[in-house]
Amino acid sequence: VFPVLLDEMRHLRDYEYLCNEQLASKLKSLLLEKKLRDYLKEPFIYEKHILDVIKRLNENKTMQHLWGWWQGTAEEPWISLHVVEALLMAEAQGYKIQINKDILYRYLLGKVADAGVHADLNMIRLLQALDRNHSIKDWVKLKETDSVYKKRQKSLYEWMQMAQLKQIAGIPVTM
């Protein structure tokens, strides 16, 4: 299975477009490839690529420390979540990243508080990714009891996102 994984990682690494979503995917793939090559006792020759992608992502963030599709575009919660996950993954592997977690956390907390039950699910996940001690249990329960949310027809994807948040919050989920 490793040759197949390495081939897929190569496709991501060589993909020519450099929007923030793709840069985050490249970074995650490169970090995983580095781990895999280490496991296989093979050399990893793409260290410069990792550093370049981290640099680009740092340069592309908005004033609020979030990301849109491209540098200078409006923030997108799901892209921001994807980028922050990739950068935190890099930090866990010893790379220096330039995220002011406190500022970002306070900004997101304010946005989620203002939106209340209508807060974007990706923002909630992003808060939890930045601070594992952040309790999302009350928010998930509030969302579950909101009559407008309960009546609205949700996509399977949104339902699964909510199920994942419940699991993170320690709330039992029946599938």
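That block above? That's the structure.
Residues numbered from 1 in each chain as written. Predicted model: local features only at pLDDT ≥ 70, side-chain atom pairs only at ≥ 80, totals over all residues. Heavy atoms only, no water.

1. Remarks on the overall build of the chain
Keep this limit in mind: In DSSP terms, a helix is any run of H or I states spanning at least four residues, a strand is any run of E spanning at least two, and both are numbered starting from the N terminus. Categorising residues by exposure relies on relative accessible area from a 1.4 Å probe, with only protein chains included: less than 20% of the type maximum marks a residue as buried, more than 50% marks it as exposed, and the intermediate range marks it as partly exposed. Contact criterion: two residues are considered in contact whenever any of their non-hydrogen atoms come within 4.5 Å of each other. Surface exposure here means Shrake-Rupley accessible area, sampled with a 1.4 Å probe, where a residue is shielded only by the protein chains that are shown. The charge count includes Lys and Arg as positive and Asp and Glu as negative, but it does not include His or the ends of the chains. In plain terms, the charge of a residue is placed at NZ if it is Lys, CZ if Arg, CG if Asp and CD if Glu.
Looking only at helices and strands, one finds nine helices and zero strands in the chain. Helices (α) and strands (β) of the chain occur, in sequence order from the N terminus, as α-α-α-α-α-α-α-α-α. Taken along the three principal axes of its C-alpha coordinates, the chain extends 55 × 40 × 30 Å. Across the 175 residues that make up the chain, the buried fraction comes to 45%. Restricting to contacts in the chain with at least 6 residues of sequence separation, those with at least 24 account for 56%. Accessible surface computed for the chain: about 10,500 Å², of which carbon and sulfur atoms make up 55%. In the chain, 26 side chains carry a positive charge and 23 a negative one; their mean positions are 3 Å apart.

2. Brief notes about the environment of lysine 35
Looking at the secondary structure, you find lysine 35 in helix 2 (residues 20–39). The exposure class assigned to lysine 35 is exposed, which follows from its relative accessible area of 52%. For the pair lysine 35 and tyrosine 95, spaced 60 residues apart in sequence, the C-alpha to C-alpha distance is 14 Å.

3. Here we look at the pattern of salt bridges
What counts, and what does not: The term salt bridge refers to a pairing of a side-chain nitrogen on Lys or Arg with a carboxyl oxygen on Asp or Glu at a separation within 4 Å.
Counted by the stated rule, this structure contains 13 salt bridges. Arginine 37 serves as the salt-bridge partner of glutamate 42, at 2.6 Å between the closest nitrogen and oxygen. Classification of glutamate 42 by relative accessible area gives partly exposed; the value is 33%. Residue arginine 37 is classed as buried on the basis of its relative accessible area of 18%. Residue glutamate 59 is joined to lysine 55 by a salt bridge in which the shortest nitrogen-to-oxygen separation is 3.2 Å.

4. Some details on the nonpolar core
Here is the rule: Here, nonpolar core refers to any group of buried Ala, Val, Leu, Ile, Met, Phe, Trp, Tyr and Cys residues whose side-chain atoms link them within 4.5 Å.
By size, the foremost hydrophobic cluster in this structure holds 43 residues, and its most contacted members are Leu27, Leu87 and Trp139. Among the secondary structure elements, those contributing two or more residues to this core are helix 2, helix 3 (47–60), helix 4 (77–92), helix 5 (101–115), helix 6 (121–130), helix 7 (137–145) and helix 9 (156–169). Among all residues touching leucine 27, those that are not within four sequence positions of it are Ile50, Val53, Ile54, Leu57, Ala86, Leu87 and Ala90.

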